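Examining the three-dimensional arrangement
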Amino acid sequence: MGIARWLNRTVGFFVFALLDIADFLLCYTYKTLDYFLESERKPCYCSSPPEAQAKTEKIIVSERGGYSKVVSLTRSKIHFDEISDTLYSRGPSLLTRLSKLVRSVKCFNYKGLIMRGNVVESCDHHESKKKISKRKKRLMTLNSTVVEKSSTAPRWSDCHCSFCTSWLTSSNRDSLFVKVQQPKDNKKARDNVVFIHGFVSSSAFWTETLFPNFSDSAKSNYRFIAVDLLGYGRSPKPNDSLYTLREHLEMIEKSVISQFKLKTFHIVAHSLGCILALALAVKHPGAIKSLTLLAPPYYKVPKGVQPAQYVMREVARKEVWPPMQFGASVLSWYEHLGRTIGLVLIKNHHLIEFVTRLLTLNRMRTYLIEGFLCHTHNGSFHTLHNIIFGSGAKLDSYLDHVRDHVDCDVAIFHGGKDELIPVECSYSVKSKVPRATVHVIPDKDHITIVVGRQKDFARELELIWQRSQST
């Protein structure tokens, strides 16, 4: 281990220890504020899994393999959603370890053992039995009919501006926001291209970069469809959603594939969007004409390791450098610090846009701010865990299915200086799908793989689509 890596980890240990304390204190701060401002103390993922999920009136059934099932009971049907165990099992924080130490000392003071006739139970075991008893008691009081409530209004800590809440007044409030660019004069497009953005981003990542730079020939032959994913941009941001893979896919299918009656289409996806693109390819294998993946977050999970936990520790290492890595780690590990970031930045994104324009004399376009800041903490936190981390157990089978059952070209692009998703992830995809081509762009990172080279990338995409026509 080099001195720089050692220093990074050492400093990170102390910094994240302080963040553990801060997140612990913020937990109780937000519970108090929520009670006074919303008349309800909403449980968080610092609580046990069933208690944390009580806020959505959904029941968790734990399973092996790194994820659990959520049973959502409604009047009409029962849903089974896979949620990542990283939501409530992100590893012991400093405060958790200290509380366990205090409890063990307390048990020791009471002689550590509780006698029950000829049975000897440890203090921890007796405590867990009491918790189970309480849980059984609560389960016995459930009514025969459980109706899932719908909470659409933004929380007090979310942004209430007209842009972020535009979906509440839209006639299509149950559909995603979609930006479409199609041939003029009502000419029928020869093909369709669906663009799926990445984490904390929006359709503007495509519409402000690629759409203006496609050739006239491409504009006259293709219909370009860029979508704001559930929880981002101008799309719905329901507070009662767990933002699972099923929810994201169903919204894309409803808002894009069904709405525009797509029989075949190309997909261009970035980062998080690559996972959704692969899932769509599995569900619609005959419809995919080409797959273009930018910085796919695919990590080969060793045998015997919980996939979600492994991916989280790869994506969100507790290190302070580089800054993007540190930011991803804070958002991943700390629910309440992430909410604070939302309260300070997301809630004031218009002010940030104004200051940015002022400092740059209006020379800098601020469309990236729309993606970075126009979402809710609830949506981004659940999407991060349930899609990026929770997909660790699924991507192997998805890639196997693409290799064997999806007859289309697969092109992968990755920035040579991507500090968030390593280039090895793209080569791992190629190892699963040998026909895939990997293009590493030197001196480009997770964002500049597109931003700053949009003209070149637009030409590269057009060549990919042209090749698919001849095969």
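Model, not experiment: these values are computed from the prediction.

1. Notes on the nonpolar core
What tends to happen in soluble globular proteins is that the nonpolar side chains get buried as a cluster. Ranked by internal contacts, the top residues of the largest apolar core, which has 69 residues, are I196, I267 and L291. Counting 27 residues, the second largest nonpolar core, distinct from the first, contains A218, Y367, I441 and V451.

2. Points about the pairing of strand β11 (residues 409–415)
The element β11 is extensively covered by neighbouring structure, given that 6 of its 7 residues are classed as buried. In this sheet, β11 lies alongside strand β10 (residues 288–294) in parallel orientation, the contact comprising 5 bridges. Looking at β11, one finds that L291 is bridged to V410. Bridge count between β11 and strand β12 (residues 437–441): 5 bridges; the pairing is parallel. Within β12, the position partnered with H414 by the bridge is V440. Each parallel crossover has a hand, and for β11 linked through helix α16 (residues 424–432) to β12 it is right-handed.

3. Looking at the packing of aromatic side chains
Scanning the model with the defined rule gives 21 aromatic pairs in all. Measuring from ring centre to ring centre gives 4.4 Å for F214 and F224, while their planes differ by 20°; the resulting arrangement is stacked. You can see F214 sitting in the loop between α5 (204–207) and α6 (216–221) and its partner F224 sitting in strand β8 (residues 222–227), a full 10 residues away along the chain. With respect to class, F214 is no different from F224; both count as buried. Relative to F224, the ring of Y222 has its centre 6.3 Å away and its plane inclined at 20°; by these criteria the two rings are stacked.

4. Some remarks on the sheet that holds β8
Taken together, the 7 strands give an open sheet; going across it, the order is β6-β8-β7-β9-β10-β11-β12, and neighbouring strands pair in mixed fashion. On the outer flanks of this sheet lie β6 (178–181) and β12, each paired with one strand and no other. Neighbouring strand axes in the sheet, compared pairwise and without regard to direction, differ in orientation by 15° on average.

5. A closer look at the environment of F413
Take F413: it is sitting in strand β11. Judged by relative accessible area, F413 falls into the buried class, the value being 3%. Considering only alpha carbons, one finds F413 and A295, 118 residues apart in sequence, at a separation of 6.3 Å. F413 has contacts with T292, L293, L294, A295, H439, I441, I449, F457, E460 and I464, leaving out every residue within four places of it along the chain.

6. Focus: the confidence of the model for the chain
In this model, the chain carries an average pLDDT of 83, and 78% of its residues clear a pLDDT of 70 or more. Every residue in residues 50–57 is under pLDDT 50, and counting partners more than four places away or in other chains gives 23 contacts. Confidence drops under pLDDT 50 across residues 61–66; counting only partners more than four residues distant or on other chains, this segment forms 14 contacts.

Calculation criteria
Residues numbered from 1 in each chain as written. Predicted model: local features only at pLDDT ≥ 70, side-chain atom pairs only at ≥ 80, totals over all residues. Heavy atoms only, no water. Core = buried A, V, L, I, M, F, W, Y, C linked by side-chain atoms within 4.5 Å. Buried < 20%, exposed > 50% of the residue type's maximum accessible area, 1.4 Å probe, protein only. Helix = DSSP H or I, 4+ residues; strand = E, 2+ residues; numbered from the N terminus. Pairing = 2+ DSSP bridges. Right-handed = clockwise from strand over helix to strand, strands pointing away. Phe/Tyr/Trp six-rings, centres within 6.5 Å; stacked < 30°, edge-to-face > 60°. Axes fitted to C-alpha atoms, helices over the stretch in contact; angles between N-to-C directions. Contact = heavy atoms within 4.5 Å. pLDDT = per-residue confidence, 0-100.

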